[in-house]
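Here is how the chains run, residue by residue.
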Amino acid sequence: MAILSKDEAQTILKKVLSFSTADECEATLNGEIGGNVRSARNTISTAGAVDNVSLAVESRFGKRSGVATCNQFDDATLRRCVQRAEEIAKLAPESPEYVPLLGPQQYLTAPASFAQSTANITPDYRAQQTAASMQLCDTKKLDSAGFLEDSAGFIAKRNNKGLEAYQQVTGLSYSVTVRTKEGTGSGYATADFNDISKFDAKILTQIAADKATGSVGAKAMEPGKYTVILEPAALVANTDASLLGALMNAFDARNADEGRSFLSKKGGGNRKGEKMFDERVTIYSDPTHAEIPDLTFSPDGRPQKKVTWIEKGVVKNLYSTRFWAQKGNIPDIPRPGGWIMEGGTQTTADLIKGTQKGILVTRLWYIRPVDPQTLLFTGLTRDGTFYIENGKIKHPVKNFRFNESPVIMLNNLEAIGKPVRLAGNLVPPLKIRDFTFTSLSDAV
C-alpha cells in the first residue's frame, strides 16, 4: 500500500484527527516503494527493496507538543498512536519558540515530480542497467563500483486547523566509480532524474571509464593558486558536503542575524540586499521547474514558491523558521529543496577550449568546514584531475588538498557553463581564477 491516492491518504488522516483530544493535532503520512543495486569489481554485491508507509502524529496542548509514529493503520493502532502523542505532549516542557499550526494553504502543482515510468521500475530493470555498466568495464579491463537507487512515493498532511496537502514524487540516482586494474587511474560520474527515460548507466560509465584511463600516470604539480574548471560534481553532491551546497545552506536568516554566518553584518543584522558575488551569479529555487520538480510544500506545511536567493550577485532573500520570521517581522520563506544557478551555453569541453592554462577538477570530497564566518572549507580532489594547456588536456595531475570559500569562488568567476541537473539541482560547470591548492595528495 506504499503509494496511496490523495483520497486514500486523506481518509486515514481524517480518521486520525477524529481520535484527537488535543488543542492542535497534525498528522503526516509518508509512503515509499523502491529499490537499489550496489556493485563492486564488476559484480553485483547487494540488492534491496523498500515498501513502507508511516504515520507521524503531532499533538499539542498549549505550547507543549509530542510526536508518535506507527506503520499500521487499523483503528486500534491509529487511536493508540494519537493517545501516545498526547501523553508525550502532556509531559513535555513548553516550547519557547511555539507558533500555532498553519490553517488552509494554497499550493502550486508540480506534475513533473512524478513519472509513472520510474514508479514502474522492476528488479530486472536495475539489473539490466547495472549489467550494462559492468560489461563495459569488463570489456575495457577496468573495475567499477556503482550504486543505483530509485523510489516512488507520496507525502500527505492534514491538521485540525484546516491544512491539507498531498503530492507524489519519483526519483532515481546513480553513481559509478571506475578504476584501472592496477589502481593508478580513477574516474567518476553521477546523475539523478525524476523520469528514468533520461537515464542510461552505460553512458555514465563510459564517462567515468574515460577519466579512469586518462588519469593514469598523473604528474605532481606545485600547490598554489590556479585557474580551475570545476565540473558540476565538484560543486554539489548527493551524499557528502559540497561547496555550493554549503553556500545555500548558509542562507539561514537566524544564523545570519545571530552572527554565526558569512551573511552576518557587523553590529547585528544580516547582509540581505548587499552585492556579495560576481554580477553574473543568479540562484533561485522553483518547485515547479520542469528539470528539477520538487515538493510544493515544506515539512511544516508552508507553500514552496519560486524564490530568488541571489540576483546578479545581490543577496535577495534568506529562509527561516516560522518562529524567527514572526519574531523579526521578516518574510516567512521556508528552506528550499533544489535550486537553480543560471548559466550560459558552454559545456565543460567548451570551457576547456577557452583555457590557456588551468586545472580540470572532476570531483571534490572529504570536504570539511574551516571557518563558518567566511565559509572557508578544505577538502581533496579525486577521480580525475587534469592539467589544461592551450585549450587541451595535456596530462593528469596528482590530487590536491584545497582551502577555498564558495564566496570567494563566486567573486573570481572567469566563465559559467551550461547548467546540468545534479543532486536535485541545476548546476553549471564553473571556471574560476585563483583557486587555492595547499598541498598534494598521493591518493588516486
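Per an unreviewed UniProt entry, the recorded name for the chain is TldD protein, and the organism is Hymenobacter cavernae.

(A) Just the UniProt feature "domain: Metalloprotease TldD/E central" (unreviewed entry) in the chain, in detail. Under the present numbering, the feature "domain: Metalloprotease TldD/E central" (unreviewed entry) in UniProt falls on residues 153-213. With 21% helix and 52% strand, residues 153-213 has end C-alpha atoms that lie 39 Å from one another.

(B) Spotlight on the packing of aromatic side chains. Enumeration over the complete set of coordinates arrives at 14 aromatic pairs. Ring centres of Tyr226 and Phe400 lie 6.1 Å apart, and the angle between their planes is 45 degrees; this geometry places the pair in the tilted category. With Tyr226 in strand β7 (residues 224-230) and Phe400 in strand β15 (residues 399-404), this pair connects stretches of sequence that are 174 residues apart. The exposure class assigned to Tyr226 is buried, which follows from its relative accessible area of 18%. A connected cluster of aromatic rings, assembled from ring pairs, spans Tyr226, Phe400, Phe402, Phe435 and Phe437. Its guanidinium or amino end placed over the ring of Trp365, Arg382 lies 4.6 Å from that ring's centre, counting from NZ or CZ.

(C) The arrangement of the sheet that holds strand β5 (residues 164-180) in detail. Pairing within the open sheet is antiparallel, and its 6 strands lie in the order β3-β2-β1-β4-β5-β6. At either end of the open sheet lies a strand with only one pairing partner, and these are β3 (64-70) and β6 (186-193). On average, adjacent strands in this sheet sit at an angle of 15 degrees to one another, irrespective of strand direction. Where strand β1 (residues 24-40) meets strand β2 (residues 43-61), 17 bridges bridge the pair, whose relative direction is antiparallel. By the bridge assignment, Gly31 is partnered in β2 with Val53. Sheet contacts for helix α4 (residues 123-139): β1, β2, β4 (142-159) and β5; angle to β4, the most-contacted strand, approximately 155 degrees. Against the sheet, helix α5 (residues 201-214) touches β4, β5 and β6, its axis set at about 35 degrees to β5.

(D) Fine view of the side chain of Glu231. Here Glu231 is to be found in the loop between β7 and α6 (243-249). Taking relative accessible area as the criterion, Glu231 reaches 14% and is therefore assigned buried. Apart from the residues lying within four places of it in its own chain, the contact partners of Glu231 are Lys211, Thr348, Leu360, Val361, Thr362 and Pro429.

(E) Quick peek at the environment of Lys312. Mapped onto the elements of the fold, Lys312 is located in the loop between β9 (307-311) and β10 (314-315). For the pair formed by Lys312 and Met276, sequence separation is 36 residues and the distance between their alpha carbons is 9.5 Å. Excluding anything up to four places from it in sequence, Lys312 contacts Lys275, Asp278, Glu279, Val281 and Thr282.

How each quantity is defined
Residues numbered from 1 in each chain as written. Predicted model: local features only at pLDDT ≥ 70, side-chain atom pairs only at ≥ 80, totals over all residues. Heavy atoms only, no water. UniProt positions renumbered as here; feature names shortened; annotations may be inferred. Helix = DSSP H or I, 4+ residues; strand = E, 2+ residues; numbered from the N terminus. Phe/Tyr/Trp six-rings, centres within 6.5 Å; stacked < 30°, edge-to-face > 60°. Buried < 20%, exposed > 50% of the residue type's maximum accessible area, 1.4 Å probe, protein only. Lys NZ or Arg CZ within 6 Å of the ring centre and 35° of its normal. Pairing = 2+ DSSP bridges. Axes fitted to C-alpha atoms, helices over the stretch in contact; angles between N-to-C directions. Contact = heavy atoms within 4.5 Å.

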